Amino acid sequence: MSKFVHEKIVIGLDVSTFEEVEAILSLCRNALWFKVGSQLFTKFGPSVVEFIRKDGRKVFLDLKFHDIPNTVKNAVSSAVELGVDLLTLHSLGGRKMIAQAREVVEGTSVKILAVTVLTSHNEQELRNEIGIYESVGDAVTRLAKMAISAGAHGVVCSPQEIRILRDNIQGEFMIVTPGVRPAWEKEAYDQARVMTPSEAIKLGADKIVIARPILKAKNPSEAYNKLVEEIENEL
Ligand code: C5P
């Protein structure tokens, strides 16, 4: 079962030094997936991705590409060359952008995830600043449907949106969700509505992204192992 559980966990490398990256990779020896976001990538560039890959681990490159289709196509092509396994783009970039990104990864093992509505936006901001007049749930569902039909392999969403997406979108697609907290974690940090990893997986998440409960733990290795155990026991 363990291998199956390691495939489900992505450690978000929200750190600012290469030493911390090295430390987390070596402490969490069994962990398979690591998320490199804009903070780390802007600081260290491809070298951090190469380091993780050479260590035999998998990279989720979370740069949320959002640009004209041709530019995103070229960016995705660079990511494929770099050897990432999973990457994000923004669904608001539209159908053409997503379709062209998909063409680039076709025939490779790289998968594309679309971000729908950033969870930092509330409905009032969506309406007044961005011009989206639906409820968050409706907007997420509509954008996810469009992104998947355009060629995205899946979406990133909050645990609260897993059910609505599984209920409203037929067929196979991946759901990756942050905003989870293990049952043993007392701190929610700034995540407002959290779920445990196994609750999210039972609802239909394929992978969960988790950072601070592991990065900030006194013993990250033990925290990761406890997380694996908790998922194994509850699934
Ligand atoms: O520390 P924590 O487990 O909350 O980190 C979760 C990871 O998922 C971070 O990398 C964070 O940027 C990302 N994320 C999130 N909430 C979102 C989207 C992404 O926490 N809505």
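The shown structure was predicted, so the numbers you read here are calculated from the model rather than taken from an experiment.

Colleague: What exactly am I supposed to notice about the overall build of the chain here?
Modeller: For the chain, the count of helices and strands is 12 helices and eight strands. Its C-alpha radius of gyration of 17 Å places the chain within 12% of the 18 Å reference for a compact globule of 235 residues. Dimensions of the chain, computed from the C-alpha atoms along their principal axes, are close to 45 × 35 × 35 Å. Here the analysis covers contacts within the chain between residues at least 6 apart in sequence; of these, 68% occur between residues at least 24 apart. With an accessible surface of roughly 11,200 Å², the chain has 48% of that area assigned to carbon and sulfur atoms. If the 29 positive side-chain charges of the chain are averaged to one point and the 31 negative ones to another, these points end up 2 Å apart.

Colleague: Can you walk me through the site of the ligand in this structure?
Modeller: Taken together, D14, K35, T119, P178, R181, Q191, V209, I210, A211, R212 and P213 make up all the residues around the ligand. Between an oxygen atom of the ligand and a side-chain N or O atom of K35, the distance comes to 3.0 Å. Between the ligand and R212 there is a distance of 2.7 Å, counted from an oxygen atom to a side-chain nitrogen or oxygen. Those elements giving two or more residues to the shell around the ligand turn out to be β8 (207–210) and α11 (212–215). Partitioning the shell around the ligand into residue classes produces five nonpolar, two polar and four charged.

Colleague: I'm lost on the packing of aromatic side chains in this one. Help?
Modeller: How two aromatic rings sit relative to each other is set out by the distance from centre to centre and by the angle between their planes. Scanning the model with the defined rule gives two aromatic pairs in all. Taking 5.1 Å as the distance between ring centres and 80° as the angle between the ring planes, the aromatic pair formed by F18 and F44 counts as edge-to-face. Within this pair, whereas F18 is found in helix α2 (residues 18–27), its partner F44 is found in helix α3 (residues 38–44), the two being separated by 26 residues in sequence. Assessed through its relative accessible area of 16%, F18 is described here as buried. Residue F44 is classed as partly exposed on the basis of its relative accessible area, which comes to 24%. Ring centres of F18 and F51 lie 5.4 Å apart, and the angle between their planes is 80°; this geometry places the pair in the edge-to-face category. Taken together, the residues span a long stretch of sequence, with F18 in helix α2 and F51 in helix α4 (residues 46–54) at a distance of 33 residues. Pairwise contacts between aromatic rings join F18, F44 and F51 into one cluster. Sitting over the ring of F173, R166 keeps its end group 4.5 Å from the ring centre.

Colleague: Explain the side chain of S158 here, please?
Modeller: Topologically, S158 is positioned in the loop between β6 (154–156) and α9 (162–168). If we skip the residues at most four places from it in the chain, S158 touches T119 and T177.

Colleague: I would appreciate a short explanation of the nonpolar core in the present structure.
Modeller: Among soluble globular proteins, nonpolar side chains are generally buried collectively. Counting 69 residues, the largest nonpolar core has I9, I11, V84, L87, L89 and L165 as its most contacted members. A total of nine residues in this core trace back to one element, the largest contributor, which is helix α8 (residues 136–150). Each residue touching L165, except ones within four places of it in the same chain, is listed here: V140, T141, A144, V155, C157, F173 and I175.

Colleague: Could you clarify how one ought to interpret the sheet that holds strand β5 (residues 111–115) in this entry?
Modeller: What links the strands of a sheet is backbone hydrogen bonding, and the strands pair in either a parallel or an antiparallel sense. The eight strands lie next to each other as β1-β2-β3-β4-β5-β6-β7-β8, forming a closed barrel whose pairing is parallel. Within the sheet, the average angular offset between the axes of one strand and its neighbour, ignoring direction, is 25°. Bridge count for strand β4 (residues 86–90) against β5 is five bridges, and the pairing is parallel. For L89, the partnering residue across the bridge sits in β5 and is A114. Each of β2 (33–37) and β3 (58–65) is contacted by α4, which is oriented at about 155° to β3, the strand it contacts most.

Colleague: For this particular structure, what's the right way to read the environment of I175?
Modeller: By the element assignment, I175 lies in strand β7 (residues 174–177). For I175, the contacting residues outside a window of four places in its chain are V155, C157, I162, L165, R166, G204, A205, D206 and K207.

Colleague: Looking at this structure, I do not really get unusual backbone geometry. What am I missing?
Modeller: For residues other than glycine, phi is negative in most cases, and the peptide bonds are mostly trans. In this model, K64 sits at a positive phi of 45°, which is unusual for a non-glycine residue. Tracing the chain through its elements places K64 in strand β3.

What counts and how
- Residues numbered from 1 in each chain as written.
- Predicted model: local features only at pLDDT ≥ 70, side-chain atom pairs only at ≥ 80, totals over all residues.
- Heavy atoms only, no water.
- Helix = DSSP H or I, 4+ residues; strand = E, 2+ residues; numbered from the N terminus.
- Rg over C-alpha atoms; globule rule 2.2 N^0.38 Å.
- Contact = heavy atoms within 4.5 Å.
- Areas by Shrake-Rupley, 256 points an atom, 1.4 Å probe, with all protein chains shown as cover.
- Lys, Arg positive; Asp, Glu negative; His and termini not counted.
- Charge placed at Lys NZ, Arg CZ, Asp CG, Glu CD.
- Near = heavy atom within 4 Å.
- Polar contact = N/O pair within 3.5 Å; in protein donor to acceptor, adjacent residues only side chain to side chain.
- Nonpolar A, V, L, I, M, F, W, Y, C, P; charged D, E, K, R; others polar.
- Phe/Tyr/Trp six-rings, centres within 6.5 Å; stacked < 30°, edge-to-face > 60°.
- Buried < 20%, exposed > 50% of the residue type's maximum accessible area, 1.4 Å probe, protein only.
- Lys NZ or Arg CZ within 6 Å of the ring centre and 35° of its normal.
- Core = buried A, V, L, I, M, F, W, Y, C linked by side-chain atoms within 4.5 Å.
- Pairing = 2+ DSSP bridges.
- Axes fitted to C-alpha atoms, helices over the stretch in contact; angles between N-to-C directions.

These figures come from the coordinates and say nothing about function on their own.
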